[in-house]
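Given next are the chains, with one letter for each unit.
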Amino acid sequence: MANKILIANRGEIALRIIRACKELGMECVSVYSEADADSLPVKMADEAICIGSAHSEDSYLNMTNILSAAISTGCNAIHPGYGFLSENDQFAEWTAKCNLTFIGPSSKTIGLLSNKLNAKKIAMRYHIPTVPGSLEPVNSLEDAIRIANEIGYPLLLKAMEGGGGKGIQEIHNQQELHEHFDRVRLENKANFKKDGIFIEKWIANPHHIEIQLIRDYHNNIVSLGDRDCSIQRRKQKLVEESPSLFLNLDLRKQLTKDAVTLFEAVDYVGVGTVEFIVDNDFRYYFLEVNTRLQVEHPVTEMVTGVDIVREQIKIAFHQPLSIRQEDIHYQGVAIECRITAEDPLHDFLPSPGMIKNVIVPGGLGVRVDTHIYPNYVITPYYDSLLAKLIVWAPTRREAIRRMRWALEQFLIDGIQTNIELLYLLMHNPDFVRGTYDTLFLTKFIELVKENNHESII
Ligand code: ADP
Ligand code: ADP
Ligand code: MG
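Residues numbered from 1 in each chain as written. Chains lettered and ligands numbered in written order. Predicted model: local features only at pLDDT ≥ 70, side-chain atom pairs only at ≥ 80, totals over all residues. Heavy atoms only, no water.

### Side note on the coordination of the magnesium ion (ligand 3)
The protein atoms that coordinate the magnesium ion (ligand 3) are Glu-275 (OE) and Glu-288 (OE), at distances of 1.9 to 2.1 Å. One end of the pair, Glu-275, is in strand E12 (residues 270–278); the other, Glu-288, is in strand E13 (residues 284–290), with 13 residues separating them in the sequence. Per residue, the accessibility class of Glu-275 equals that of Glu-288, and both read buried. (Donors = N, O, S within 2.8 Å, 3.2 Å for Na, K, Ca; no water. Helix = DSSP H or I, 4+ residues; strand = E, 2+ residues; numbered from the N terminus. Buried < 20%, exposed > 50% of the residue type's maximum accessible area, 1.4 Å probe, protein only.)

This is the structure in structure tokens:
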């Protein structure tokens, strides 16, 4: 039987997956909510099927509707993309029970790793450094205070099943713990399928560094290198680059070794990312594993030449990896900017509305992954990501120059975007030198506000 893939996602990542399917000669089906009837994935897939109303719970998170759509359109596999159901072990299990291939790790592996505490415990078993903190969910304020006194302030309250920077609260002293504990716990109950919060020491001014791995059913594992994702707003990445300028050779080797150990320990099959934070003294700590394709995978594709989605699909169908570690030769530097429909100077307030016009940059070493087009309406229901602008160049300095020019060319008319902020960032001396950490962007925005920048591009 020919392979036919249902894409259980929307936006730019749905398009990215459609492109990979086309290149592999596979048919694909888009699912869409009533709010996305006019979206590009609907137009570009071989077939499209509506799975519910605009609210994610009724559509992109509705497992029964998605599985019914896959079966009724004759698909034999589901690609979950990122976000939504991509790290939901029950969805992976139900997909398999319906005799459909889940394009991702097994339900068991997702179950082991999607819970951050569980993942941490596995890492500890293999002597991978983890951030000091509670190893069980914290259920009462009394327990929280006791643990906080043991590990010391500042600390973080974290959702066990959080993601996209959601469900993390900084706590600087006992009074703040009193103020926030119950609220964070209640919000978690409401936001995440499996609730539970834990405490972690807050590591001062860390760098976010991650390792991209792929492993197939035949014990082949390949590292596709590292990414620095320290430019973050609200603990979510905004700019990513590969390779990291901060890592030295020894640390790069160590992080890769630990990431590989972890993958092998849980018999991980598929693509996935092991995230770490690294402090200014080069002490590193395991953070979590993302058991899915990541938003920033294109920067890795640009420096390795490996089509990650293509490999991911092939692995799911039990084919061996088409590359070996010795085939991977890193070339140049790639940077990605996430272009979002937000007002960065007003607390990243979402800016839905109709896009009146779009002009997309191009040229050698410029890649734009986007689902927007003129007259497309950005609804308030989903993530604010409009486009990923990725540039590649032989050196970091040239990549930054190319990114500046690409941002200058990128025109999105009708809604507020963060393009200007990214443009300014590409001129900031600390960014250009590469001396930035995860707290940098917040300070940078204050600086932009102080200088009261008028429209500059
Ligand atoms: P990355 O791929 O680098 O991890 P993000 O952290 O931004 O990127 O996550 C990608 C998308 O998935 C975002 O839209 C984010 O909101 C969503 N997401 C990821 N994990 C979760 C989660 N556990 N719960 C809800 N949304 C999530
Ligand atoms: P998510 O699942 O939302 O991606 P992560 O645990 O990966 O959550 O953390 C997201 C970001 O929050 C990190 O990249 C980092 O900037 C910050 N962070 C998380 N844990 C810590 C910590 N213990 N100390 C300092 N910063 C942290
Ligand atoms: Mg993370």
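That covers the picture; the talk isn't over yet.
### Here's the deal with the side chain of Asp-89
Tracing the backbone through its elements, the reader meets Asp-89 in helix H4 (residues 89–97). Residue contacts for Asp-89: discarding those within four places in its chain leaves Ser-107, Ile-110, Gly-111, Lys-193 and Lys-194. (Contact = heavy atoms within 4.5 Å.)

### Some remarks on the nonpolar core
Counting 43 residues, the largest nonpolar core has Val-239, Ile-339 and Leu-386 as its most contacted members. Counting only elements with at least two residues in this core, the list comes to strand E11 (236–242), strand E14 (333–340), strand E19 (366–370), strand E21 (385–393), helix H12 (396–409), helix H13 (419–425) and helix H15 (440–450). Broken down by element, the residue count for this core peaks at six residues, all from H13. Counting only domains with at least three residues in this core, you end up with domain 2 (104–131 + 211–327) and domain 4 (332–457). Filtering out sequence-adjacent residues up to four positions away, Val-239 remains in contact with Asp-228, Cys-229, Ile-231, Ile-335, Glu-336, Cys-337, Leu-422, Leu-425, Met-426 and Phe-431. Counting residues in each nonpolar core, the second largest holds 33 residues, with Leu-15, Val-269, Leu-321 and Leu-385 among its members. (Core = buried A, V, L, I, M, F, W, Y, C linked by side-chain atoms within 4.5 Å. Domains from an automatic or database assignment.)

### Quick word on the packing of helix H7 (residues 141–151) against helix H8 (residues 174–191)
The N-to-C vectors of H7 and H8 enclose an angle of 150°; their axes lie 11 Å apart at closest approach. Classified by the angle between their axes, H7 and H8 sit roughly antiparallel to one another. Between H7 and H8 lies a crossing of right-handed hand. Contact residues: Leu-141, Ala-144, Ile-145, Ala-148 and Asn-149 in H7; Gln-174, Leu-177, His-178 and Phe-181 in H8. (Axes fitted to C-alpha atoms, helices over the stretch in contact; angles between N-to-C directions. Parallel < 35°, antiparallel > 145°, perpendicular 65-115°, else oblique. Left-handed = near helix turned anticlockwise from the far one by under 90°.)

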